[in-house]
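Residues per chain, in single letters:
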Amino acid sequence: MKQQAAQQYPTVAVKQLRNVLAGAISDFSANEVPSLCSRLQLRDGDRDGSFKSKFKYAERRLIEKSAAELIPIAQRLLQEADSYEVAEALAKLQEAGKDTVSELTRRRIMALFDKRPYSTEFEDIDFIRRVWPTTNMPSVVSSFSNSRSEATLDDDLFNAIVRNNDWNNRETLEAVGYLTCSQRQFFRFLEEVTSPLTQSRENQTDLAAAINEHLRHDGYRLIIVRRLSGSPVYEVQPAALGSPSDDAISQALAEFDTETVHARWTQALDRRDTDPAGAITLARTLLEDVCKWIIIEAGETYEEKDDLPVLYRKLAKILNLAPDGHTEPVFKQILGSCQSVVESLGSLRNKISDAHSPGPKKVKPAARHAQLAVNLSGTMATFLVSTWAARKGGIP
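Anyway, here's the lowdown on the structure attached to this text. What you see is a predicted model, and the numbers here were worked out from it, not measured in a lab. (Residues numbered from 1 in each chain as written. Predicted model: local features only at pLDDT ≥ 70, side-chain atom pairs only at ≥ 80, totals over all residues. Heavy atoms only, no water.)

### Considerations on the environment of A381
So, point 1. Within the secondary structure, A381 is located in helix α19 (residues 367–392).
So, point 2. For A381, the contacting residues outside a window of four places in its chain are L253, L286, L287 and V290. (Helix = DSSP H or I, 4+ residues; strand = E, 2+ residues; numbered from the N terminus. Contact = heavy atoms within 4.5 Å.)

### Digging into helix α7 (residues 84–95)
So, point 1. Here α7 is twelve residues long and its end C-alpha atoms lie 16 Å apart, about the 16 Å a rise of 1.5 Å per residue gives.
So, point 2. Among the twelve residues of α7, nine are classified as buried, and the element is accordingly described as predominantly covered.
So, point 3. Contacts made by the buried residues of α7 are with α2 (11–26), α6 (67–80) and α12 (183–193).
So, point 4. Where α7 ends, the next residue or the one after it, G97, has phi of about 85 degrees, a positive value. (Expected span 1.5 Å × (residues − 1). Buried < 20%, exposed > 50% of the residue type's maximum accessible area, 1.4 Å probe, protein only.)

### Looking at helix α15 (residues 258–271)
So, point 1. For α15, built from 14 residues, the straight-helix expectation of 20 Å at 1.5 Å per residue is met to within 8% by its first-to-last C-alpha distance of 19 Å.
So, point 2. Contact partners of the buried residues in α15: α13 (201–215), β1 (220–228), α14 (246–256), α16 (276–297) and α19.
So, point 3. Measuring from the side-chain oxygen of the N-cap residue of α15 to the backbone nitrogen of T260 gives 2.8 Å; that N-cap residue is D257. (Polar contact = N/O pair within 3.5 Å; in protein donor to acceptor, adjacent residues only side chain to side chain.)

### A word on the state of the cysteines
So, point 1. Scanning all chains against the criterion turns up zero disulfides.
So, point 2. Looking at the unpaired C338, the closest cysteine sulfur is the one in C291, lying at 12 Å. (Disulfide = S-S within 2.5 Å.)

### Details of the environment of P117
So, point 1. Inspection of the secondary structure assignment puts P117 in the loop between α8 (103–111) and α9 (124–131).
So, point 2. Separated by 209 residues in the primary sequence, P117 and H326 place their C-alpha atoms 57 Å from one another.
So, point 3. Among all residues touching P117, those that are not within four sequence positions of it are D124 and N169.

### Points about the pattern of salt bridges
So, point 1. Taken as a whole, this structure holds 16 salt bridges when the rule is applied.
So, point 2. Measuring nitrogen to oxygen at the nearest pair gives 3.3 Å for the salt bridge that ties R216 to E213.
So, point 3. Residue classification places R216 among the buried positions, given a relative accessible area of 10%.
So, point 4. A salt bridge links E288 to R284; the shortest N-O distance between them is 3.0 Å. Linking E288 with R284, this pair stays in helix α16, spanning four residues, or about one helical turn.
So, point 5. Judged by its relative accessible area of 17%, E288 is buried.
So, point 6. Among the ionic contacts, a cluster of salt bridges with common partners joins D126, R129 and D154. (Salt bridge = Lys/Arg side-chain N within 4 Å of Asp/Glu carboxyl O.)

And the structure:
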């Protein structure tokens, strides 16, 4: 049974955890090592072996343990000593075989900071120190100078960021191990970089949405879990990848209009699970955007007071989608249903979205209501955009 459990973990990750555990144990004095090993539930021994080599003493006992047995040993050690290396090795072992954020997604999120600071409230080096224990991490440049053999990563950061301004944000993140750290540590970075203590209110919202645009492809999202003095506090949590049509809708709307229409769709997706009322409002606004854009492109006009049903009826005439314009019963039925969907989205928005005062008895929308509204809106928007593209291309 132990062999079957051990096979679930990569050999490299198991060896790495054993190695860093032995290193962390050897940081204790030779007198303390035997009793520490006993508390960690490793095989007892005498002090003579410990005084010969603390690392070997610990390593011989750790190698007797399976991967599954190493996990509680590491957890017990972390209760006695704060070790970033042990915490990272343990997290990587536990994450093996589970859904993880790809390196490509990490790189895409890292690129968000090519032209923006990590924080609007802290200096770059101070922000990095909030996320990584840089004073306890080894230098990445000490090999170039024997005199810096005791240097830490914090020394590197001070020289490169504060004193010489040598590293850009990308180089700094690579130096602290952003691309190779555990997912636990990566998520800590995301939660800290979107914290209300780190970002201004405007930057916080925009940055969280930008990160989610990349993160959602791997099945995770930044979710608002609470509020701090009125500002949202985010946490990375697993999230459904959405409906199968999400990517197709995104592509179609991005090709039609990136800045407004596609941006509205993205905002609706971001709120679909976390802010149902806001998502429903955005679902209706998305259709209003599409109707107005196509009406203008077609050389027609609309009134500012026109609501969604009125806008859709005008557009239906332009695109020949009005049910009365067809004689085939099946087409009349389908197009009539499309019109009903649009009118229903307007009604749903008025009833349970955040567009009006809720009142004491107003029904609160659930995530499933938002999913229905957003999915219907995205499908209808794609249909309208595709129909307009066909009309412009002369396709009957």
